[in-house]
Amino acid sequence: MSHVEVETASQPECWRRAADLAPSLGDTLPAAGERIAVVGCGTSFYMAQAYAALREGSGQGESDAFAASEFPGGRSYDRVVALTRSGTTTEVLELLTRVRGTTRTSAITADPETPVMTAADDVIVLDFADERSVVQTRFATTALTLLRAHLGLHTDSVVRDAETALAEPLPEGLVGCSQFTFLGRGWTVGLANEAALKMREASLSWTESYPAMEYRHGPISITTDTTATWMFGEAPEGLAEQVRGTGGRWVEGRLDPLAELVRAQRLAIAVSAARGLDPDSPRHLTRSVILADG
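For clarity, every value in this text was computed on a predicted model and none was experimentally measured. Residues take numbers from 1 onward in each chain, read along the sequence in its written order. In view of the model being predicted, local features appear only for residues whose pLDDT reaches at least 70, and side-chain atom pairs are presented and counted only at 80 or more, with totals across whole chains, interfaces and linings using the full set of residues. Note that the side-chain values use all heavy atoms of the structure and ignore hydrogens as well as water.

## Structural notes on the overall build of the protein
The helix and strand inventory of the protein stands at 10 helices and 9 strands. A compact globule built from 294 residues should have a C-alpha radius of gyration of about 19 Å, and the protein, at 19 Å, falls within 12% of that. With the C-alpha coordinates of the protein rotated into their principal frame, the extents come out at 55 × 40 × 40 Å. Throughout, exposure labels follow a simple rule: accessible area from a 1.4 Å probe, protein chains only, divided by the maximum for the residue type, with under 20% read as buried, over 50% as exposed, and the rest as partly exposed. Counting every position in the protein, which comprises 294 residues, the buried fraction comes to 56%. Whether two residues touch is decided by their heavy atoms; if any such pair falls within 4.5 Å, the residues are in contact. If you take every contact in the protein between residues at least 6 apart in sequence, the share linking residues at least 24 apart comes to 71%. Here the protein has roughly 12200 Å² of accessible surface; of this, 49% comes from carbon and sulfur atoms. Charge counting follows a simple rule: Lys and Arg are positive, Asp and Glu are negative, and His as well as the terminal groups are ignored. A charged residue contributes its charge at one atom only: NZ of Lys, CZ of Arg, CG of Asp or CD of Glu. Seen as two clouds, the 26 positive and the 39 negative side-chain charges of the protein have centres 1 Å apart. Numbering goes from the N terminus for both helices and strands, where a helix is a DSSP run of H or I of at least four residues and a strand is a run of E of at least two. When we talk radius of gyration, it's over C-alpha atoms, and the globule rule is simply 2.2 Å times the number of residues to the 0.38. Computed by Shrake-Rupley with a 1.4 Å probe, the accessible areas treat only the displayed protein chains as cover when residues are assessed.

Laid out in structure tokens, this is it:
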């Protein structure tokens, strides 16, 4: 088995550990009422989008998400939360350094032997969710599970759904599709973005992602009988029927949306295998982007 297959399969246990850890974190993570920005790069940026939408949607405070390179320097926040598996990503470290002393910073990482340990004011290490594969799976979902649990939005049923996502076969014929679109609403837009990224990274697939209500505003034009449209969470009324009416395949999100992401990870691995690719070593990518000075 590839590293990413092993890591994908370990997610239910990682999520349990993260949920158990959350109550002990105290003020290491934002308190209700704080105005926060959540930052990351790549997968971590999409998890930041999901967390920010969850937090603000649950009434716990204004929460924005940014790619670390796009953080608005003139905007005031009570705290910046950084997600970085490697703890070495240049854009994240530069941002933490820039705001330190004026804005409290918290970081979630997988490696305690990296520069983020001193770049942030508070650091949470999820070393049990670290990964050997370049393609992120369990660290990203474990970090989001920790954050959901800290918000009081995680339940045991989420883990059970993840186990179901790993045990059930993928829908028949899905691996053979020529194009994949992932849709979300609210916090699941970030998950849809991440599902599309997984497909691109691991299997070099043509993938797109959108807020679900935006799909009718142009993107549906590419739907054919060889494409799949996968919904994370509850679909807007009538959208499934409209997609099916084009001849395209509609994939319903039946499980908790984070567990649906596990299913999408499995799809990326399956398509990679069908195409003879190595999902542990995606083309042109490295585990962390470290930029040279100047």
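From this point on, the discussion continues.
## Examining the packing of helix 3 (residues 43-57) against helix 6 (residues 138-150)
Geometry is summarised by axes, namely lines fitted to C-alpha atoms with helices restricted to the contacting stretch, and by angles between N-to-C directions that run from 0 to 180 degrees. Interhelical geometry of helix 3 versus helix 6 gives an angle of 20° and a closest axis separation of 10 Å. Our classification of the angle between helix 3 and helix 6 gives roughly parallel. Note on packing geometry: the crossing formed by helix 3 with helix 6 is right-handed. Contacts from Thr43, Met47, Ala50, Tyr51 and Leu54 of helix 3 reach helix 6 at Ala140, Leu144, Leu147 and Arg148. Amino acids are sorted into nonpolar (Ala, Val, Leu, Ile, Met, Phe, Trp, Tyr, Cys and Pro), charged (Asp, Glu, Lys and Arg) and polar (every other residue, Gly among them). Across the contact of helix 3 with helix 6, the residue classes tally to 7 nonpolar, 1 polar and 1 charged. When describing relative orientation, an angle under 35 degrees is termed roughly parallel and one over 145 degrees roughly antiparallel, while 65 to 115 degrees is termed roughly perpendicular and anything else oblique. By definition, turning the near helix anticlockwise from the far helix through less than a right angle yields a left-handed crossing, and turning it clockwise yields a right-handed one.

## Observations concerning the pattern of salt bridges
When a carboxyl oxygen of Asp or Glu is within 4 Å of a side-chain nitrogen of Lys or Arg, the pair counts as a salt bridge. The full count for this structure, using the stated rule, is 15 salt bridges. For aspartate 122, the salt bridge goes to arginine 104, with nearest N and O atoms at 2.8 Å. Here the residue aspartate 122 occupies a position in strand 5 (residues 122-125), and arginine 104 occupies one in strand 4 (residues 104-109), the gap between them amounting to 18 residues. A relative accessible area of 17% places aspartate 122 in the buried class. Accessibility expressed as a relative area gives 31% for arginine 104, which makes it partly exposed. Put simply, arginine 254 and glutamate 168 hold a salt bridge, and the shortest N to O gap is 2.9 Å. Here arginine 254, found in the loop between strand 9 (249-251) and helix 10 (257-274), pairs with glutamate 168, found in the loop between helix 7 (156-167) and strand 6 (179-184); they are 86 residues apart in sequence, far enough to count as distant. If you follow the salt bridges from partner to partner, you end up with Asp27, Glu34, Arg79, Arg104 and Asp122 in one network.

## Quick word on the pairing of strand 8 (residues 227-231)
Burial runs high along strand 8: 5 of the 5 residues are buried. Here strand 8 shows no split at all, with Thr227, Thr229 and Met231 on one side and Ala228 and Trp230 on the other all buried. DSSP bridges decide pairing: two strands pair if at least two such bridges lie between them. In this structure, strand 6 lies alongside strand 8, joined through 5 bridges in parallel fashion. Directly across from glutamine 179, in strand 8, lies its bridge partner threonine 227. Summarising the sheet, strand 8 and strand 9 pair through 3 bridges and their orientation is parallel. Along strand 9, the bridge assignment pairs threonine 229 with tryptophan 250. Taken together, strand 8, helix 9 (residues 239-245) and strand 9 constitute a β-α-β crossover, and its handedness is right-handed. Look down the strands so they point away from you; if the path from the first strand over the helix to the second goes clockwise, the crossover is right-handed.

## Overview of the sheet that holds strand 1 (residues 36-40)
Spatially, the 5 strands line up as an open sheet ordered 2-1-3-4-5, and their pairing is parallel. For this open sheet the edge positions go to strand 2 (63-67) and strand 5, each flanked by a neighbour on one side alone. Adjacent strand axes in the sheet meet at a mean angle of 20°, parallel and antiparallel pairs treated alike. Relative to strand 4, strand 3 (residues 79-84) is paired through 6 bridges, and the arrangement is parallel. Across the sheet, residue valine 80 finds its bridge partner in strand 4, namely threonine 105. Running at roughly 170° to strand 2, helix 3 makes contact with strand 1, strand 2 and strand 3 of the sheet.

## Concerning the environment of isoleucine 222
Tracing the chain through its elements places isoleucine 222 in the loop between strand 7 (207-211) and strand 8. Taking C-alpha positions, isoleucine 222 is 9.4 Å from glycine 248, a pair spaced 26 residues apart along the chain. For isoleucine 222, the residues in contact, after removing those within four places along its chain, are Gln179, Thr181, Trp206, Glu208, Tyr215 and Thr227.

## Examining the nonpolar core
In summary, soluble globular proteins display a tendency toward joint burial of nonpolar side chains. If you look at the biggest cluster of nonpolar residues, it comprises 58 residues, and the most contacted ones within it are Ile108, Leu126, Leu146, Phe180, Phe182, Leu191 and Phe232. Residue contributions to this core peak at 8 residues, all from helix 10. When near neighbours in sequence (up to four residues on either side) are disregarded, phenylalanine 232 contacts Phe182, Leu183, Gly184, Arg185, Thr188, Leu191, Ala192, Ala195, Pro257, Glu260, Leu261 and Ala264. Counting residues in hydrophobic clusters, the runner-up holds 17 residues, among them Val80, Leu95, Ala119 and Ala120. Residues grouped as a nonpolar core are buried Ala, Val, Leu, Ile, Met, Phe, Trp, Tyr and Cys residues, joined through side-chain atoms within 4.5 Å.

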